[in-house]
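Overview (structure and organization)
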Amino acid sequence: MQEVALIRPGRMTETELALETEKSALRREFEERLLECGTLAFRVARGVLHNAADAEDVAQEALLRAYRRFDRLRDRSRFRAWLVRTTFRLALDQTRSAQRRGQRETLWAVATPKPTSEDLAASSEFGQRLMHAMQSLPEKLRLVLLLASMDGHSSEEIAELLQVPVGTVKSRLHSARKQLAEKFR
Amino acid sequence: MKCDRYRDALLDAATGDMKGRIRAHVEECSECRAALREEQSLFVAIDRTLRARMAELPREGFLADVRARTSQEPEPRSLMTPMWILATASVMVAMLAMVAPWTRLRHEPVAVSGAIVSTTHALPEAKVAEPKTIDIPYERGQHGKHRIVGPPAARGPEVLVPPDEREALAKFVMHLRQRDEVAVAFASPAPNETSEPAEIRPLEIARLQLKPLVWERWKPAKDRNEENE
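Anyway, here's the lowdown on the structure attached to this text. Since the structure is predicted, the reported quantities are computational estimates derived from the model, not experimental observations.

Some remarks on the interface of chain A and chain B
- Counting residues at the interface gives 54 residues for chain A and 38 residues for chain B.
- Summing both partners gives a buried area of about 4400 Å² for chain A against chain B, and 62% of it is carried by carbon and sulfur.
- It is Gln 60, Tyr 67 and Arg 177 of chain A in chain A that bury the most area against chain B; as a group they hold 15% of the surface buried on that side.
- Applying the counting rule to chain A against chain B returns six salt bridges.
- A salt bridge links Glu 56 of chain B to Arg 46 of chain A; its shortest N-O distance comes to 2.9 Å.
- Of all the secondary structure elements, the ones that give two or more residues to the side of chain A that touches chain B are helix H1 (11-48), helix H2 (52-68), helix H4 (117-135), helix H5 (139-149) and helix H7 (166-183) of chain A.
- Per-element tally for the side of chain A that touches chain B: the top contributor is H1 of chain A, with 17 residues.

Put into structure tokens, the structure is as follows:
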């Protein structure tokens with residue numbers, strides 16, 4: 001006679017199920033953050049690096065690191081702040097290593113709508129001077145200036161991103177622009 | 001000369017921070033007005049260049065590349081998974097198990113008098129004739145299961161012994177090694193509880209005999225001795 005056994009899901013199965021649910025929730029949340037902040041990471045890197053491909057590499061690396069420690073970065077504002085800081089830091093490291101090696105010559109490619117050749121030459125020259133001027137800025141001022149140059153970033157949002165007071169953001173922005181202008185005199 | 005004072009202020013004014021005093025001067029002075037316009041155009045150019053740069057978008061496959069790279073990574077785990085809690089608990093239990101014996105071995109030296117005898121070190125074999133220190137292996141804090149143990153890592157309690165009793169104590173300790181049961185009894189604290197209460201017998205008092213009092217005049221001891229003689 002064949003025996004019939006009743007198989008019930010045990011405690012391990014329930015635990016595994018809970019883990020799977022948790023994992024898929026984490027994955028879904030990360031996908032949301034990626035859609036929301038992927039471009040932000042690229043732009044921060046692009047503000048420091050003068051090559052779009054390099055900026056993409058740096059942004060990918062920062063997003064990958066964010067994924068690895070996403071259990072601690074599930075909060076939206078925390079994720080954005082961490083991503084901006086990490087991307088900026090990685091981009092600076094990349095610039096420094098490139099400068100040390102002396103192998104990379106970067107160019108500013110200013111996206112202006114249908115520029116004339118004269119405008120392009122002028123903007124390119126101005127862009128290169130601006131690039132050198134930006135490199136000489138202190139890192140704190142530089143990051144604030146980059147974030148302020150992005151659309152939709154008010155002083156309050158930058159303060160939230162960098163976790164500093166709004167007054168500090170305004171002060172740094174003012175100093176950064178002033179120092180940049182002095183470089184062009 | 002007058003305009004030189006406003007040079008720094010003009011730069012601030014060009015960034016948007018124009019004060020009333022500067023405003024009044026710029027309205028009067030055409031040279032400063034031109035300088036302000038020049039500074040403002042410079043800021044506009046800087047902002048425009050930066051905005052153009054920061055408005056750049058990554059190529060279309062950028063996010064897909066990121067997804068491909070993250071798919072090769074292990075899944076992100078939540079901080080409070082059951083496995084993590086279990087691992088944390090295991091580490092804490094292991095640390096407690098490591099720390100507990102050390103807290104037991106912490107005891108102060110016992111001062112008697114004379115030289116110092118360590119009770120936690122190994123017994124000396126060759127230095128019996130002139131023992132300066134004598135070690136008695138003894139593990140404290142284990143009531144009920146005493147045993148002779150090897151030399152522990154930490155120094156234990158020390159007993160001071162008078163100089164003229166060192167040799168005797170050394171021989172006694174050497175003798176203890178040959179008789180474990182005595183050594184155990186010597187080195188062990190008294191048990192806390194007795195197996196059976198001691199039997200108490202009632203005290204027997206002999207019957208008291210009272211003799212009648214006889215009046216006798218008091219005499220000095222000298223006279224009484226003479227009478228007895």
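Focus: helix H3 (residues 30-54) of chain B
- Given a rise of 1.5 Å per residue, 25 residues ought to cover 36 Å, and the 36 Å separating the end C-alpha atoms of H3 of chain B matches this to within 8%.
- Three or more residues of H3 of chain B are buried, namely Cys 32, Leu 36, Glu 39, Leu 42, Phe 43, Ile 46, Thr 49, Leu 50, Ala 52, Arg 53 and Met 54 of chain B.

Topic: the packing of aromatic side chains
- Within this structure, the stated rule accounts for five aromatic pairs over all chains.
- Seen in terms of ring centroids, Phe 42 of chain A and Phe 62 of chain B are 6.2 Å apart; in terms of plane orientation they differ by 55°. Their pairing is tilted. With Phe 42 of chain A in helix H1 and Phe 62 of chain B in helix H4 (residues 62-71), this pair bridges two chains.
- The class for Phe 42 of chain A is buried, based on a relative accessible area of 1%.

Points about the pattern of salt bridges
Residue and element names in this part refer to chain A.
- Scanning the entire structure with this criterion turns up 14 salt bridges over all chains.
- Linking Asp 93 and Arg 96 is a salt bridge whose minimum nitrogen-to-oxygen distance equals 3.6 Å. Of the two residues, Asp 93 and Arg 96 both sit in helix H3 (residues 76-101), three residues apart, roughly one turn of that helix.
- Overall, the relative accessible area of 33% leaves Arg 96 in the partly exposed class.
- Each of Arg 89, Asp 93, Arg 96 and Glu 139 takes part in a single network of salt bridges with overlapping partners.

Things to note about the side chain of Ser 149 of chain A
- Note on placement: Ser 149 of chain A falls in helix H5.
- Not counting chain neighbours up to four residues away, the residues in contact with Ser 149 of chain A comprise Leu 50, Arg 51 and Met 54 of chain B.

What counts and what doesn't
In this numbering scheme, every chain counts its residues from 1 along its sequence in written order. In the order they appear in the text, chains get letters beginning with A and ligands get numbers beginning with 1. Local features are withheld for residues below a pLDDT of 70 in this predicted model, meaning they are given only at 70 or higher, and side-chain atom pairs are given and counted only at 80 or more; totals for whole chains, interfaces and linings count all residues. Excluding hydrogens and water, the side-chain figures rest on all heavy atoms present in the structure. Contacts: residue pairs with any heavy atoms within 4.5 Å of one another. We define buried area as the total accessible area lost by two parts upon association, computed with a 1.4 Å probe and summed across both. The rule for a salt bridge is simple: a side-chain nitrogen of Lys or Arg has to be within 4 Å of a carboxyl oxygen of Asp or Glu. Only DSSP runs of H or I with at least four residues qualify as helices, and only runs of E with at least two residues qualify as strands; both kinds are numbered from the N terminus onward. How far a helix is expected to stretch is found by multiplying one less than its residue total by 1.5 Å. Only protein chains enter the accessibility calculation, which uses a 1.4 Å probe; a residue is then buried when its area is under 20% of its type maximum, exposed when over 50%, and partly exposed in between. Each aromatic pair joins two rings of Phe, Tyr and Trp (for Trp, the six-membered one) with centres within 6.5 Å, and gets the label stacked for planes under 30 degrees apart, edge-to-face for over 60, and tilted for any other angle.

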